Amino acid sequence: QVQLVESGGGLVQPGGSLRLSCAASGITLNYYTIGWFRQAPGKEREGVSCISRSGFSTYYGDSVKGRFIISRDKAKNTVYLQMNSLKPEDTAVYYCAAVMTVSCGLGQNEYTYWGQGTQVTISS
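So, how was this worked out
- Residues numbered from 1 in each chain as written.
- Predicted model: local features only at pLDDT ≥ 70, side-chain atom pairs only at ≥ 80, totals over all residues.
- Heavy atoms only, no water.
- Buried < 20%, exposed > 50% of the residue type's maximum accessible area, 1.4 Å probe, protein only.
- Helix = DSSP H or I, 4+ residues; strand = E, 2+ residues; numbered from the N terminus.
- Pairing = 2+ DSSP bridges.
- Phe/Tyr/Trp six-rings, centres within 6.5 Å; stacked < 30°, edge-to-face > 60°.
- Lys NZ or Arg CZ within 6 Å of the ring centre and 35° of its normal.

The next thing to look at is the pairing of strand β9 (residues 92–99). Taken across its eight residues, β9 has seven buried, putting it largely inside the fold. Two strands pair when backbone bridges link them, and strand β4 (residues 33–39) and β9 are joined in this way by seven bridges, in the antiparallel orientation. Within β9, the position partnered with T33 by the bridge is V99. Of the strand pairs in this sheet, β9 and strand β11 (residues 118–122) are connected by three bridges, and their pairing is antiparallel. Its bridge partner lying in β11, V93 is registered against Q119. Relative to strand β10 (residues 113–114), β9 runs antiparallel, the two sharing two bridges. Across the sheet, residue A98 finds its bridge partner in β10, namely Y113.

Below, the structure is given as structure tokens:
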């Protein structure tokens, strides 16, 4: 059974930082393109960032570009989302997702496996 597990969420003040992690059981993340998505209350889920299977290609949504950094540690079979300069509008449940493809994109329908999400709250 495939499981993706996000961790690292929490409550931080505006301007702060968090690092989310995405780990898996049942699959080896190193073989997958990984995407991060988020869903705020009352809003549709949106793509945040993705990293290709090789790690050489990354993509960011406009709302997080320049503030978030996606990376992967192949030795640990883990993907990270470093979130800096956090804003209240970043508050959402963050999900990681995996698809066995070479390229990186934020089309949600492309992704095969999804985690249960981790809550990120930005508030003073």
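Picking up where we left off.
A few words now on the packing of aromatic side chains. Evaluation of the coordinates by the stated rule reveals four aromatic pairs. Their ring planes at 65° and their centres at 6.1 Å tell us that Y32 and Y113 sit as a pair that is edge-to-face. Here the residue Y32 occupies a position in the loop between β3 (18–25) and β4, and Y113 occupies one in strand β10, the gap between them amounting to 81 residues. What makes Y113 partly exposed here is its relative accessible area of 27%. Look at F37 and Y111: their rings are 5.2 Å apart centre to centre, the planes differ by 80°, and that puts the pair in the edge-to-face class. Placement of the pair is F37 in strand β4 and Y111 in the loop between β9 and β10, with a sequence separation of 74 residues. You can call F37 buried: its relative accessible area is 0%. Connected via pairs of aromatic rings, a cluster forms that spans F37, Y111 and W114. Over the ring of Y95 we find R45; its NZ or CZ atom is 5.5 Å from the centre of that ring. We note R45 situated over the ring of W114; from NZ or CZ to the ring centre the distance is 3.9 Å.

Remember, this is a structural readout, not a statement about activity or role.
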